[in-house]
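Structure assessment
Read off the chains here:
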Amino acid sequence: MTERQSNGGNGAAGPVDVDVAVVGAGFAGMYMLHRLRGFGFSVRVLEAGGGVGGTWYWNRYPGARCDVESMQYSYQFSDALQQDWEWSERYAPQPEILRYAEHVADRFDLRRDIRFETTVTAARFDEDGRRWTVETDAGGTLTARYLVMATGCLSAPNTPTFKGLDDFAGRRFHTGYWPPAGVDFTGRRVGVIGTGSSAVQSIPLIAEQAAHLHVFQRTPNYAVPAHNAPLDPEDVRRVKADYAGLRARARAMPPAFDYVFNPRSALEVSDDERRRVYEARWADGGLGFMGAFGDLLLDEAANETAAAFVRGKIREIVRDPAVAQRLSPDNVIGCKRLCVDTGYYATYNRSNVTLVDVGETPIDRITATGLAVAGRAYEFDDLVLATGFDAMTGALLRIDIAGRGGRRLQDKWHGGPRTYLGLAIAGFPNLFTITGPGSPSVLTNMLPSIEQHVEWIADCLVHQRDRGHDVIEAETAAEDAWVQHVNDTADLSLRSTCSSWYVGANVPGKPRVFMPYIGGFPTYVDKCDTVAANGYEGFALA
Ligand code: NA7
């Protein structure tokens, strides 16, 4: 099995001291490096992978692609970059997004300050020296005035502790660390556990190759069609003629991407009109489906009209009524992250695909030749775990981070993450998180959210330097107030009502807290800007 592990490669051998240490060379870490360099800071980036790209470096499973449209899921800090780069499809496939990340690394000469194959294991704040000491599996020490965690929201894979997992004698894969050389399933019997986005994207392609595919589903998910297609050059030309306009419209929308949002209630229109609206959104495809009516995530009855529409589509697509029924969720649509699919439901019409429900009776154990559930044995050659991530907090808590007084982040976050703006943590001076819990992050188009955080942090460090400060720390009262606001806002939305990775429900024992900030990108940006304009209120500067 391919595991995420470092080979102890070209890490920080010997003591190195920089202004800023950045953990992670995905889109967040790369832009953080570029931005800070522009202000004259010395920066060292530490990256576990063998290349840049983060999420898009690791998630190479078949069918992996972004569910935000390419022309919007891209950097906007450089107009030359966004004008030059040519996306080929409406939703970019993983290899193309990775090529884009590599292009950015080359274009801005980023690699010389990135140490690849170097996993950060611990970080400790030295109160006397007012610096962070960072330890890696590559040995040596790195010290830095500031530490920026650009570790991603979906980067710590979740491998459930199935009994007998290591007994499996065949090939085992996790979608979140897929072998770079790819996997050929031709003629093989395959078992996939999970039916989230990664499974929904990969199952149709695995099914095309496999002799037989068993899908083990704990909870069915709603999926809307991507209607992915090559981009029309005329559309691209139009966007590029006014890219700034598109970006500005996107920034004004709660999810930070431009789409058509209908503010009307689903309950104030006739059945016929509602159906017409849903049909049009279905034909258009993508996450914009949830913008069909203004109250879909606020009112259960309104939500149920959309959920019923999608269940109807599943019944139309899937020929076997019992299978269609098994694939049909009965919970709030959009509560878990909506999946965007290409041929997912239709895959269950294939004679070589079997859907097995493991919701009522969980998987007993993995065996040498497959798995056992509800007294039945299923045999396969290859096991694919599409079991997701320890989202938002996993990547941070897998590093042993100690702040003021040696207090560990694991202890502080025992009951769930607590941050100020998802950017900083009381008791952990000079530490910043990019798209951390408590920020809009995964509820938005990640690229604009990353850029906003990077620019806010860089401006903050310039402010520190200009005023001769060398310590900045979130105040506990400001953090408490922000956590309260994040929770209060989450309570207004149906999104906080189900067992999703947004609330940590997919990882046994994880505290149940709605982690991202649901107040929307524009409201959040206003708050961050106000905090900065008021001399970084809520922070102690020294
Ligand atoms: P997800 O969406 O967390 O999906 C993981 C799937 O694995 C989901 O269907 C889980 O069922 C299932 N799962 C997890 N643990 C088990 C066990 N123990 N037994 C059976 N099934 C299990 O992860 P993805 O990688 O698909 O997508 C993550 C995000 O990436 C996605 O939302 C997009 O934003 C991009 P459950 O629903 O928990 O019952």
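Residues numbered from 1 in each chain as written. Predicted model: local features only at pLDDT ≥ 70, side-chain atom pairs only at ≥ 80, totals over all residues. Heavy atoms only, no water.

1. So, the sheet that holds strand 14 (residues 370–373)
Strand order in the open sheet made by the 3 strands is 13-14-15, with antiparallel pairing throughout. Unpaired on one side and paired on the other, strand 13 (363–367) and strand 15 (376–379) mark the two borders of the sheet. Taking the axes of each pair of neighbouring strands and ignoring which way they run, one obtains an average angle of 20 degrees across the sheet. (Pairing = 2+ DSSP bridges. Helix = DSSP H or I, 4+ residues; strand = E, 2+ residues; numbered from the N terminus. Axes fitted to C-alpha atoms, helices over the stretch in contact; angles between N-to-C directions.)

2. Overview of the domain arrangement of the protein chain
One can read the domain layout of the protein chain as domain 1 (16–156 + 391–541) and domain 2 (165–385). For domain 1 and domain 2, the distance between their C-alpha centroids amounts to 27 Å. Between domain 1 and domain 2 the total buried area reaches about 4000 Å² when both faces are included, carbon and sulfur atoms providing 53% of it. On inspection of domain 1 and its partner domain 2, the count reaches 2 salt bridges. One salt bridge connects E86 with K240, and the closest N-O pair in it is separated by 3.5 Å. (Domains from an automatic or database assignment. Buried area = accessible area lost by both parts, 1.4 Å probe. Salt bridge = Lys/Arg side-chain N within 4 Å of Asp/Glu carboxyl O.)

3. Regarding the site of the ligand
Around the ligand lies a shell of 18 residues, among which T195, S198, R218, T219 and K336 are the nearest. At 3.2 Å, a backbone N or O of A386 approaches an oxygen atom of the ligand. The contact in question runs from an oxygen atom of the ligand to an N or O atom on the side chain of W501, over 3.0 Å. Relative to its unbound accessible surface of 770 Å², the ligand loses 87% to contact with the protein. Of the residues that constitute the shell around the ligand, the class distribution is 7 nonpolar, 8 polar and 3 charged. (Near = heavy atom within 4 Å. Polar contact = N/O pair within 3.5 Å; in protein donor to acceptor, adjacent residues only side chain to side chain. Areas by Shrake-Rupley, 256 points an atom, 1.4 Å probe, with all protein chains shown as cover. Nonpolar A, V, L, I, M, F, W, Y, C, P; charged D, E, K, R; others polar.)

4. Section: the packing of helix 8 (residues 271–284) against helix 9 (residues 300–317)
For the pair helix 8 and helix 9, interaxial distance at closest approach is 11 Å and the crossing angle is 60 degrees. It follows that helix 8 is oblique to helix 9 by the angle criterion. Of the two elements, helix 8 crosses helix 9, and the hand of that crossing is right-handed. Between helix 8 and helix 9, the contacting residues are R274, R275, Y278, E279 and W282 on the first element and A302, T305, A306, F309, V310, K313, E316 and I317 on the second. Of the residues assigned to the contact of helix 8 with helix 9, the class counts are 7 nonpolar, 1 polar and 5 charged. (Parallel < 35°, antiparallel > 145°, perpendicular 65-115°, else oblique. Left-handed = near helix turned anticlockwise from the far one by under 90°. Contact = heavy atoms within 4.5 Å.)

5. Digging into the nonpolar core
Of all hydrophobic cores here, the largest spans 131 residues; its most connected members are F27, F289 and W456. Take this core: its biggest share by element is 10 residues, from helix 14 (residues 446–466). Residue contributions to this core reach at least three from each of two domains, namely domain 1 (16–156 + 391–541) and domain 2 (165–385). Not counting the four nearest positions on each side in its chain, F289 is found in contact with V224, Y278, R281, W282, L296, A306, F309, V310, I333 and L338. Counting 22 residues, the second-largest nonpolar core is a separate cluster that includes V23, V120, L142 and W413. (Core = buried A, V, L, I, M, F, W, Y, C linked by side-chain atoms within 4.5 Å. Buried < 20%, exposed > 50% of the residue type's maximum accessible area, 1.4 Å probe, protein only.)

6. A short note on the sheet that holds strand 8 (residues 189–193)
Strand pairing in a sheet relies on backbone hydrogen bonds. The paired strands run either parallel or antiparallel. The 5 strands are arranged 7-16-8-9-12 in an open sheet whose pairing can be described as parallel. The outermost strands of the open sheet, each flanked by one partner alone, are strand 7 (171–174) and strand 12 (353–357). For this sheet the average axis-to-axis angle between neighbouring strands, irrespective of direction, equals 20 degrees. As judged from the 4 bridges shared by strand 8 and strand 16 (residues 382–385), these two strands associate in the parallel manner. Residue pairing across strands places G191 opposite L383, the latter belonging to strand 16.

7. Here's the deal with the environment of A372
On the secondary structure map, A372 appears in strand 14. Spatially, the C-alpha atom of A372 lies 9.4 Å from that of P362, the residues being 10 residues apart in sequence. With near-sequence residues (within four places) excluded, A372 lies in contact with I363, D364, R365, T367 and A377.

8. Examining the packing of helix 1 (residues 27–38) against helix 14
The description of two helices packed together rests on the angle between their axes and the distance between the axes. It is at 9 Å that the axes of helix 1 and helix 14 come closest, and there the two elements cross at 35 degrees. Here the hand of the crossing between helix 1 and helix 14 comes out right-handed. Residues F27, A28, Y31, M32, R35 and L36 of helix 1 form the contact with helix 14, whose participating residues are L447, I450, E451, V454, E455, I457, A458, D459 and L461.

9. Examining the pairing of strand 9 (residues 212–217)
Of all 6 residues in strand 9, 5 are buried; the element is thus mostly enclosed. Where strand 8 meets strand 9, 5 bridges bridge the pair, whose relative direction is parallel. By the bridge assignment for strand 9, R189 is matched with H212. Once the chain exits strand 8 it traverses helix 5 (residues 197–209) before rejoining the sheet at strand 9, and the crossover so formed is right-handed. Bridge count for strand 9 against strand 12 is 5 bridges, and the pairing is parallel. Paired with H214 across the two strands is T354, which belongs to strand 12. (Right-handed = clockwise from strand over helix to strand, strands pointing away.)

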